[in-house]
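Listed here are the chains, written in short residue letters.
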Amino acid sequence: MPRYSINASRLNQTLEELGHLGDSPGGMDRVAYSPEDIAGRDYTIKLMQQAGLDTRIDTAGNIIGRRAGSEDQRPAIALGSHTDTVPKGGKYDGALGVMAAIEVVLTLKDQGHQTRHPLEVISFTNEEGTRFHRWLVGSRSMSGLLEQDDLDAKDDNGHGLGPCLADIGGDISRIGEAVRSPGELAAYFELHIEQGPYLYQSGTPIGVVTGITGRAVFEVEIEGKANHAGTTPMSTRRDALVSAAKLVLAVQKMAAEQEICRVSTVGSIKAIPNAVNVIPGSASIGLEFRDTDMQALAAAEHELRRITDQTAVDDGVDVAVHRHRFTSSVPITPEMQALVAEASVNCGFDWEPLPSGAGHDAQAIAAIAPVAMVFVPSVDGISHSQEEYSTPEDCANGAQVLLELLLLADDRF
Ligand code: GLV
Ligand code: MN
Ligand code: MN
């Protein structure tokens, strides 16, 4: 039996309320730094304050709510996730982890239970990385993994990050002050929807995350020759979009048929000038590979460069491959996995181990603290979509495990 029961209806009500902010035709739009994101952040701060947390915004724009421990000199145990979304995303990705963390604190408050360790609820800013094409910005700022390139990044309209950070209470000129040293946090725990099909298919309520996938992101630029679509013979064309299309299929095959890495995706494509009567002179595709095995990602990059070189020769186009990101996979230690499993058993839930195919703030925080992640099922394995759904019961189960996990860590760490 768990020590205390979380309030399932209160948790699901906050998820619903947060889910009204940015709810738009086609999905949830709380892209980081947008007015909708700021409304979600304000709502989160209000809830944190109602839960009795002392709130502050660090220079990176992360929202941090703190509750004193009875042995306050101890390092804090942190719970959290993010409330920004991808464009046309869902109501649970990130939001569940933050709302559940607040519910855990409310339950402790209701029970008059003070933990030995100070407790922090952290809502990391810009996990998704939509606007500036740089992800985990808040959590990497905190763990010291942010790079100059992240700070210099421009959005698609050429605007920089500085004013956006100012809009949410951060300060790019002092972003280094958001860094926390190893030892400052005793542990970080993140509850998240699985975003994949495995728990839903097996009917297991709780996933113990064994590791977080590595990810390699590339942009491929193709230069052909723009010309008139009506007058240029087919045999003399150097159509950059046709070459891009061949690469889209080749990249898909790399995981689907060649099994070089676990998944491979071309998620964006641009044709220039993108007019129906012009042979596209330039095209670019954005693509990524994911695997927990970093050698598989290296092999995928090798194959990508081979097929792009071949396409250049075959099609008479120029092809440039830019590697944007190479995020290492992060294993979760056996001890931390065992703690999540124990918390699940204490709550009376079956669990199963599984790796995370999505990225999470926990992977950045792992650089400065021991981390663990709890997954709950995603109906039909759908996420980053309006159809993303986890049942109220599954969300509550996850929050219950998060509370038990915190109490176990508070006893033992
Ligand atoms: C983050 O949501 C990701 O793309 O894994
Ligand atoms: Mn996401
Ligand atoms: Mn997420």
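Residues numbered from 1 in each chain as written. Chains lettered and ligands numbered in written order. Predicted model: local features only at pLDDT ≥ 70, side-chain atom pairs only at ≥ 80, totals over all residues. Heavy atoms only, no water.

### Quick look at the overall build of the protein chain
What the protein chain contains, in helices and strands, is 12 helices and 17 strands. Over its C-alpha trace the protein chain gives a radius of gyration of 23 Å, about what one expects of a compact globule, namely 22 Å for 413 residues. Projecting the C-alpha coordinates of the protein chain onto the three principal axes gives extents of approximately 80 × 45 × 40 Å. Taken over 413 residues, the protein chain has a buried fraction of 56%. Considering only residue pairs separated by 6 or more positions, the protein chain has 79% of its internal contacts joining residues 24 or more positions apart. As displayed, the protein chain has an accessible area near 16,900 Å², and 51% of this comes from carbon and sulfur atoms. (Helix = DSSP H or I, 4+ residues; strand = E, 2+ residues; numbered from the N terminus. Rg over C-alpha atoms; globule rule 2.2 N^0.38 Å. Buried < 20%, exposed > 50% of the residue type's maximum accessible area, 1.4 Å probe, protein only. Contact = heavy atoms within 4.5 Å. Areas by Shrake-Rupley, 256 points an atom, 1.4 Å probe, with all protein chains shown as cover.)

### Topic: the layout of surface pockets
By volume, the second largest pocket is sized at about 340 Å³. Lining the second largest pocket are 18 residues, and of these R140, L145, E147, F326 and T327 sit closest to its centre. Of all elements in the fold, only α5 (148-152), β14 (318-327) and α11 (361-365) reach the threshold of two or more residues within the lining of the second largest pocket. It is β14 that contributes the most residues to the lining of the second largest pocket, four residues altogether. Of the domains in this structure, domain 1 (8-212 + 330-412) and domain 2 (214-327) are the two that each give at least three residues to the lining of the second largest pocket. (1 Å grid on protein atoms, 1.4 Å probe; cavity = no way out; pocket = protein on both sides within 12 Å on 5 of 7 lines; lining within 4 Å. Points joined across faces, edges and corners; volume = space filled by probe spheres on them. Domains from an automatic or database assignment.)

### Concerning the coordination of the manganese ion (ligand 2)
Distances from the manganese ion (ligand 2) to its protein donors, D93 (OD), E128 (OE), E128 (OE) and H384 (NE2), fall at 2.0 to 2.7 Å. Considered as a linear motif, the donors of the manganese ion (ligand 2) on their single chain read D-x34-E-x255-H. A spacing of 3.6 Å is found between the manganese ion (ligand 2) and the manganese ion (ligand 3), which share D93 as a donor. Linking E128 in the loop between β6 (119-124) and α4 (137-143) with H384 in the loop between β17 (371-376) and α12 (392-412), this pair joins segments that are 256 residues apart in sequence. The class for E128 is buried, based on a relative accessible area of 13%. (Donors = N, O, S within 2.8 Å, 3.2 Å for Na, K, Ca; no water.)

### Observations regarding the site of ligand 1
As a matter of local geometry, ligand 1 sits amid E127, E128, W135, R290, A358, G359 and H384. Contacts to ligand 1 include R290, whose side-chain N or O atom sits 2.7 Å from an oxygen atom. Take H384: an N or O atom from its side chain is 3.2 Å from an oxygen atom of ligand 1. Burial of ligand 1 by the protein chains amounts to 91% of its free accessible area of 200 Å². Across the shell around ligand 1, the residue classes break down as two nonpolar, two polar and three charged. (Near = heavy atom within 4 Å. Polar contact = N/O pair within 3.5 Å; in protein donor to acceptor, adjacent residues only side chain to side chain. Nonpolar A, V, L, I, M, F, W, Y, C, P; charged D, E, K, R; others polar.)

### Topic: the coordination of the manganese ion (ligand 3)
Of the protein atoms, only H82 (NE2), D93 (OD) and H192 (NE2) coordinate the manganese ion (ligand 3), at distances of 2.0 to 2.2 Å. Donor residues for the manganese ion (ligand 3), ordered by position in the chain, follow H-x10-D-x98-H.

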